[in-house]
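Architecture at a glance
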Amino acid sequence: MKSERYVLSDKVIEDKSSIQAQYNKLEINREQYLARARECAELTIPTLIPPKNINEATEYKTPYQSIGARGVMNLASKLMLALFPPHAPFFRLSIDDLVFKQIQADPASKSKIEQGLSNIEKAVMDNMEVSNDRVAVYEALRLLIVSGNVLLKLTEKGLRVYRLENYVIKRDAQGSILKIIIKESLALNTLPPNIRNAIKQEKGIKEYEDKELDLYTCVTREKNSYKLMQECGKKIILTKEYKLDKLPFIALRFNRVDGMDYGRGHCEAYLGDLKSLEGLTRAILEGSSASAKMLFMVSPSGTTRASALAKAPNGAIIEGSSGDVSVLQANKFADFRIAFETMNRIETRLQFAFLL
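The next point concerns the environment of Glu222. Tracing the backbone through its elements, the reader meets Glu222 in the loop between strand S5 (213-221) and strand S6 (225-232). Residue class for Glu222 comes out partly exposed when judged on its relative accessible area of 37%. Between the alpha carbons of Glu222 and Lys179 there is a distance of 9.6 Å; along the sequence they are 43 residues apart.

Turning next to the nonpolar core. With 70 residues, the main nonpolar core has Leu151, Ile180, Ile181, Phe249, Cys267 and Phe354 as its most contacted residues. A per-element tally of this core places helix H1 (residues 19-43) first, with 9 residues.

Further remarks concern the packing of aromatic side chains. Counted by the stated rule, this structure contains 3 aromatic pairs. Aromatic side chains Tyr33 and Tyr262 sit 5.2 Å apart centroid to centroid with 40° between the ring planes, which places their arrangement in the tilted category. In this pair, Tyr33 sits in helix H1 while Tyr262 sits in the loop between strand S8 (249-253) and helix H7 (266-269), placing the two residues 229 residues apart along the sequence. The two residues Tyr33 and Tyr262 agree in class, both being buried.

Our focus in this paragraph is the packing of H1 against helix H8 (residues 271-291). The geometry of H1 relative to H8 is characterised by a closest axis approach of 10 Å and an angle of 45° between their N-to-C directions. The orientation of H1 with respect to H8, classified from their angle, is oblique. You can see that H1 and H8 cross each other, and the crossing is left-handed. Residues Arg36, Glu39, Cys40 and Leu43 of H1 lie in contact with H8, whose contacting residues are Leu271, Leu274, Lys275 and Glu278. Of the residues that constitute the contact of H1 with H8, the class distribution is 4 nonpolar, no polar and 4 charged.

Our next topic: the sheet that holds strand S2 (residues 158-162). Spatial ordering of the open sheet is given by S2-S1-S8, a layout of 3 strands whose pairing is antiparallel. The open sheet has two edge strands with one neighbour each: S2 and S8. Across this sheet, the average inter-strand angle for adjacent strands is 25°, counted without regard to direction. When strand S1 (residues 149-155) meets S8, the two strands line up antiparallel, connected through 5 bridges. Within the sheet, the bridge partner assigned to Leu151 lies in S8 and is Ala251.

Now for the pairing of strand S3 (residues 167-171). Within S3, 4 of the 5 residues are buried, which leaves the element mostly enclosed by the surrounding structure. Note: S3 against strand S4 (residues 177-186), 5 bridges, orientation antiparallel. Note on S4: the bridge partner recorded for Val168 is Ile181. What sits between S3 and S4 in their antiparallel hairpin is a turn of 5 residues, with Gly175 showing a positive phi close to 95°.

It is worth spelling out unusual backbone geometry at this point. One non-glycine residue with positive phi stands out, namely Leu355, at about 60°. Note on placement: Leu355 falls in the segment after helix H10 (333-353). Here Leu355 falls in the partly exposed class, since its relative accessible area comes to 47%.

Scanning all chains against the criterion turns up 14 salt bridges. For Glu165, the salt bridge is made with Arg38, and the minimal N-O distance between the two is 3.3 Å. Here Arg38 lies in helix H1 and Glu165 lies in the loop between S2 and S3, a separation of 127 residues in the sequence. Note that Glu184 and Arg160 form a salt bridge whose closest N and O atoms lie 3.1 Å from each other. You can see Glu184 sitting in strand S4 and its partner Arg160 sitting in strand S2, a full 24 residues away along the chain. In this structure Arg160 comes out as partly exposed when scored by relative accessible area, which is 38%. Counted as one network, the salt bridges with shared partners bring together Arg36, Glu39, Arg264, Glu268 and Lys275.

Rules used throughout
Numbering of residues begins from 1 in every chain and follows the order in which that chain's sequence is written. It should be noted that, the model being predicted, local features are given only for residues of pLDDT at least 70 and side-chain atom pairs only at 80 or more, the latter also being counted only at that level, while totals for whole chains, interfaces and linings use all residues. Side-chain numbers here rest on the full set of heavy atoms in the structure, without hydrogens or water. Strands here are runs of E lasting at least two residues and helices are runs of H or I lasting at least four, both read from the DSSP assignment and numbered beginning at the N terminus. Think of it in three bands: with a 1.4 Å probe and only protein chains considered, a residue is buried below 20% of the maximum accessible area for its type, exposed above 50%, and partly exposed in between. Within this scheme, the nonpolar core is defined by two criteria: the residues are buried Ala, Val, Leu, Ile, Met, Phe, Trp, Tyr or Cys, and they are joined through side-chain atoms within 4.5 Å. To pair, rings of Phe, Tyr and Trp, with the six-membered ring standing in for Trp, must have centres within 6.5 Å; the planes then decide the type, stacked if under 30 degrees apart, edge-to-face if over 60, and tilted in the middle. The convention used is that axes are lines fitted to C-alpha atoms, helices contributing only their stretch in contact, and that angles between N-to-C directions extend from 0 to 180 degrees. By the definition adopted for this analysis, an angle is roughly parallel if under 35 degrees, roughly antiparallel if over 145, roughly perpendicular if from 65 to 115, and oblique otherwise. Crossing handedness is read from the near helix: turned anticlockwise from the far helix by less than a right angle, it gives a left-handed crossing, and turned clockwise, a right-handed one. By the convention used here, residues are in contact when the closest approach between their heavy atoms is within 4.5 Å. Basically, the charged four are Asp, Glu, Lys and Arg, the nonpolar ten are Ala, Val, Leu, Ile, Met, Phe, Trp, Tyr, Cys and Pro, and anything else, Gly included, counts as polar. Following DSSP output, two strands are said to pair if at least two bridges run between them. Any Lys or Arg side-chain nitrogen located within 4 Å of an Asp or Glu carboxyl oxygen qualifies as a salt bridge.

Rendered as structure tokens:
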């Protein structure tokens, strides 16, 4: 990997060639995948793929059923245990017998080599525990199940997770990465001093005093390497190159569709059942609440007085006729039973789908 190179251009990049313009162009192809991901998140865990223009005061819609959320959490937990079992390395380093013969090493040294490889395994596992990568992987698995896409970045502080709404991607026919553009917001004080001073001089500090800047990171596939460029305020602030096998970005897809840049999530395959269960659960809940309301009706032409009935304590004796009093009933038991049985069948199918 080549060293970082900070470059501050004197002129603002033209809109057509800026990374921001490229992001806006590729954003159009991502919109249908993002809309479907938000639809799946509304029926499972709404905070995974939030709606547009959210802030701290945004109130998320709570689903009427919890099967979607339980299914996503359960499936992510099972995948997490399968990929990263606790108290055990998730990979094994060993020396091949044919390679050992080719290097013509002393047979007695094989145990030392294996011990060294075992120490490497332990060091990797200790680094994962210290950097808290398991939390990031668990978040990535939930995003994969719901949206079908997630982007990971390997940093010195651990894994960084990007949701589908924060990046766009372009792949070739084989699924290899051709271009990735990430959009993130950051405070002006987090930029290097020379970049921060240049932005202050051109735009003025008051314009960015209480606002965040949009930072665009573009990774482009070249012939034998990947080129990374960062743009802030339509100025290139960083350039870097990576070898093909040293790229720190991992773009994951849950279900791959041949020829498509983005993948499909697990929830999308069962979106019909999730919608049906949500509607039936809401109907039964609202209908049950209405049916549970108890109202006594007194005939206006009868001898029983409504005031005497309302004031009478339990077990009291009042003058009146039982035929003058009736209880309001919805008489929707048969309809609720059909809806309840249909809901149970859908719930059973979803339990199988999410390994509950």
